[in-house]
Amino acid sequence: MTLKVLYVCSEVFPLLKTGGLADVSAGLPPALRALGADVRLLLPAFPGVVAGVTPEGPTLLVPAGGGSGLPAGLGPHAASAHGPTPWLQAGHITDSGMPVWLLHAPGLYERGGNPYLDEHGRPWPDSAEQFAWLGWAAALLGTGLDTAWFPDVVHGHDWHTGLAFAYLREFAQAGERRPVGVFTIHNLAYQGVFNAGLRPRLGLPDTLFHLQGLEFHGQINFMKAGLKYSDAITTVSPTYAREITGAEQGCGLDGVLRQRQAQLHGILNGVDDAVWNPLTDPLVQPGFDADHLQGKSQAKTRLQARMGLKPQADALLFSVVSRLTEQKGLHLLPAVVDELVGRGGQLAVLGSGDAAIEQALRDCAQRHPGQVALTVGYDEALAHSVIAGADVILLPSRFEPCGLTQLYGLRYGTLPLVRAVGGLADTVVDCSLEHLDDDSASGFVFHQLDLNGLQSALRRAFALYRRPADWRAVQRHAMSLRFSWEHAASDYLRVYASALPGLAST
Ligand code: ADP
Ligand code: GLC
């Protein structure tokens, strides 16, 4: 039997990306397909996504809540009383061929910019409806809206898809055949919490609104719906899976996660070799590998020129490619920049986000022209240049569910300097003497989220850099590590099977 998986998410690289979630939506589904699963994506029809999809096959109307044949009171109201009913358009991603359903809903998705935030960085006022509709469409597809394709698994990602599992559970109560629900947490800090008064509009019956349901301090919590009503929960690293069951990283949902610990799995993300491979990367030519690092030296020279850094081949070049937020711990960075430069290092930062962090880094760049450079914005090509050309990539994160840029850094011989949290703890091994000795070292790891921790890791990086043979050995090991989507996909198939009674025994 071919396993049919409806993969529900809000962004996919390269069509629409705000962070690692998009990289996962591009990397994991093809890997599941390669292992024999029949996977279709379901995404809201944001403009970037529509532009990258070739329509093909059926269009299906998505009846609003209360439509005929649907349980009374369940499901969101029509987006506009007068506009057309939302609909699903089948198609495939033009470049990759990946099958996809696009959810069109009048007025909800046809807007530019960030899918979650307006131009002032505030959540769109109709965010709850945008993603209630996504969950509703997933639940309808999951219960046979497309009579030709009935999924065995609905796999939703992050809070944007949480309501799918609440609606599905109500369908099951009404006696409908329902698929297995798997919910993946990419970031527990963003939960989709909305005013309880929206319940009738979102078609969430009172039977779901209580402590053991999707109620959270008197409000509706989409993430909690995913956690309570899915059959299995995954998150993107084993360490984060443990961390979120404790109060410190649990974001108020640690109790819920402890209750579901037996169904909570940590599966590390992978690296998409078609996008992040230093030998074939079209954005970084000539390419390089562990045995031929000439291309990496050239990438460093080009990066220094491009970002206005002095052309010093032997300066230890640190880098950041990141959202500039508290999560990433980058508020610590400005305080160590003087020492970093004083020791002969350089710093290249690409990112955007928190205005205070941006400003503090801008001040550093002004204080150290030619040694510190900041590019504010989102730039895919520059991200590749930075990760290829730098010597070290910094992730001093407060928390990090998985983190992808340290994995890209490893692949490109750009040693990660990380705090030991979440996926960073699972993927980077510190250059301590014992790890140098047993050849397992791949970067620099510190523990306490404070200046001392970061400073001592920076000093270890300088110390290793003064020992070129050791640096090369660590770099060679880092570049040999493989975090493959194939490996992750086989773990996801095991999770699906554990939740599917019929499959588990085959
Ligand atoms: P998160 O999803 O928490 O932001 P990840 O490390 O999982 O962190 O993924 C971040 C992704 O976004 C990576 O693909 C990284 O290269 C990319 N990225 C982050 N900031 C930028 C930027 N300013 N320009 C281009 N790409 C960026
Ligand atoms: C989130 C997390 C990040 C993770 C990404 C993809 O954005 O912040 O750590 O790598 O999701 O799973």
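Chemist: Break down the site of ligand 2 for me, with residues and values.
Modeler: Taken together, 14 residues sit near ligand 2, with His186, Asn269, Gln327, Glu400 and Gly403 positioned nearest. A distance of 3.5 Å separates an oxygen atom of ligand 2 from a polar side-chain atom of Asn187. In the model, an oxygen atom of ligand 2 is placed 2.5 Å from a nitrogen or oxygen of the Glu400 side chain. Look at ligand 2: alone it shows 310 Å² of surface, and the protein chains cover 93% of it. Both domains that meet at the shell around ligand 2, namely domain 1 (4-270 + 486-502) and domain 2 (294-482), each give it at least three residues.

Chemist: Run through the site of ligand 1, naming residues and quoting values.
Modeler: Surveying the vicinity of ligand 1 reveals 20 residues, the closest of which are Lys17, Gly20, Asp23, Arg323 and Gly377. One of the side-chain N or O atoms of Asp23 is found 2.6 Å from an oxygen atom in ligand 1. The separation between a nitrogen atom of ligand 1 and a polar main-chain atom of Ser322 is 3.5 Å. Burial of ligand 1 by the protein amounts to 92% of the accessible area it has alone, namely 560 Å². The dominant element in the shell around ligand 1, judged by the number of residues it contributes, is strand β13 (residues 317-324), at three residues. Considered class by class, the residues forming the shell around ligand 1 number six nonpolar, eight polar and six charged. No fewer than three residues from each of domain 1 (4-270 + 486-502) and domain 2 (294-482) sit in the shell around ligand 1.

Chemist: Explain the domain arrangement of the chain residue by residue, including any values.
Modeler: Looking at the assigned domains, one finds that the chain contains domain 1 (4-270 + 486-502) and domain 2 (294-482). If you average the C-alpha positions of domain 1 and of domain 2, the two centres end up 34 Å apart. Listed per partner, the contact involves 19 residues of domain 1 and 17 residues of domain 2. For the pair domain 1 and domain 2, the summed buried area comes to about 1400 Å², and 56% of that belongs to carbon and sulfur atoms. Linking domain 1 with domain 2 are one salt bridge. Close ionic contact of Glu380 with Lys17 constitutes a salt bridge, the shortest N to O distance being 3.7 Å. Remark: the boundary between domain 1 and domain 2 carries seven residue pairs in polar contact (both at pLDDT 80 or more). Broken down by secondary-structure element, the contributors of at least two residues to the side of domain 1 that touches domain 2 are α1 (20-34) and α7 (238-243). Broken down by element, the side of domain 1 that touches domain 2 gets its largest block of residues, four residues, from α7. Taken together, the residues that form the side of domain 1 that touches domain 2 break down as seven nonpolar, nine polar and three charged.

Chemist: Residue-level account of the pairing of strand β1 (residues 4-8), with values.
Modeler: Of all the five residues making up β1, four are buried; the element is thus mostly covered by neighbouring parts of the structure. In this sheet, strand β2 (residues 38-44) lies alongside β1 in parallel orientation, the contact comprising five bridges. Across the sheet, Tyr7 pairs through a bridge with Leu41, a residue of β2. You can see the chain leave β1, run along α1 and come back into β2, and the turn it takes is right-handed.

Chemist: I'd love a proper account of the sheet that holds strand β8 (residues 193-194), names of residues and values included.
Modeler: Reading across from one edge, β8-β10-β9 is the order of the three strands in this open sheet, with antiparallel pairing throughout. Looking at which strands have only one partner, the edges of the open sheet turn out to be β8 and β9 (215-216). Looking at chain direction, β9 and strand β10 (residues 219-221) are connected through two bridges and run antiparallel. Along β10, the bridge assignment pairs Glu215 with Ile220. Packed onto the sheet, helix α6 (residues 222-229) meets β8, β9 and β10 and runs at close to 60° relative to β10.

Chemist: Tell me about the packing of aromatic side chains, and please be specific about residues and values.
Modeler: On inspection of all chains with the given rule, the structure shows 15 aromatic pairs. With a centroid separation of 5.7 Å and an interplanar angle of 55°, the aromatic rings of Trp159 and Phe194 are classed as tilted. With Trp159 in the loop between β6 (153-157) and α4 (162-173) and Phe194 in strand β8, the pair connects residues that are 35 residues apart, well separated along the chain. Consider the rings of Phe288 and Tyr412, whose centres lie 6.1 Å apart with planes at 80°: the pair is edge-to-face. Here Phe288 is found in the loop between β12 (264-266) and α9 (294-307), whereas its partner Tyr412 is found in the loop between α13 (405-411) and β17 (415-419), with 124 residues between them in sequence. Ring pairing ties together the aromatic residues Tyr116, Phe131, Trp159, Phe194 and Phe222, which thus form one cluster. The side chain of Arg177 reaches across the aromatic face of Phe150, ending 3.6 Å from its centre.

Chemist: For the sheet that holds β17, give the residues involved together with the corresponding values.
Modeler: Taken in spatial order, the six strands line up as β15-β14-β13-β16-β17-β18 in an open sheet, and their pairing is parallel. The sheet is open, and its two edges are formed by β15 (372-376) and β18 (444-446), each paired on a single side. This sheet shows a mean twist of 15° between the axes of neighbouring strands, independent of strand direction. In this sheet, strand β16 (residues 392-395) lies alongside β13 in parallel orientation, the contact comprising two bridges. Across the sheet, Phe318 pairs through a bridge with Val392, a residue of β16. Of the strands in this sheet, β13, β16, β17 and β18 touch helix α16 (residues 451-465), which is tilted by about 160° from β18. Across the sheet, helix α17 (residues 468-480) lies against β16, β17 and β18, angled at about 80° from β17, the strand it touches most.

Calculation rules
Residues numbered from 1 in each chain as written. Chains lettered and ligands numbered in written order. Predicted model: local features only at pLDDT ≥ 70, side-chain atom pairs only at ≥ 80, totals over all residues. Heavy atoms only, no water. Near = heavy atom within 4 Å. Polar contact = N/O pair within 3.5 Å; in protein donor to acceptor, adjacent residues only side chain to side chain. Areas by Shrake-Rupley, 256 points an atom, 1.4 Å probe, with all protein chains shown as cover. Domains from an automatic or database assignment. Helix = DSSP H or I, 4+ residues; strand = E, 2+ residues; numbered from the N terminus. Nonpolar A, V, L, I, M, F, W, Y, C, P; charged D, E, K, R; others polar. Contact = heavy atoms within 4.5 Å. Buried area = accessible area lost by both parts, 1.4 Å probe. Salt bridge = Lys/Arg side-chain N within 4 Å of Asp/Glu carboxyl O. Buried < 20%, exposed > 50% of the residue type's maximum accessible area, 1.4 Å probe, protein only. Pairing = 2+ DSSP bridges. Right-handed = clockwise from strand over helix to strand, strands pointing away. Axes fitted to C-alpha atoms, helices over the stretch in contact; angles between N-to-C directions. Phe/Tyr/Trp six-rings, centres within 6.5 Å; stacked < 30°, edge-to-face > 60°. Lys NZ or Arg CZ within 6 Å of the ring centre and 35° of its normal.

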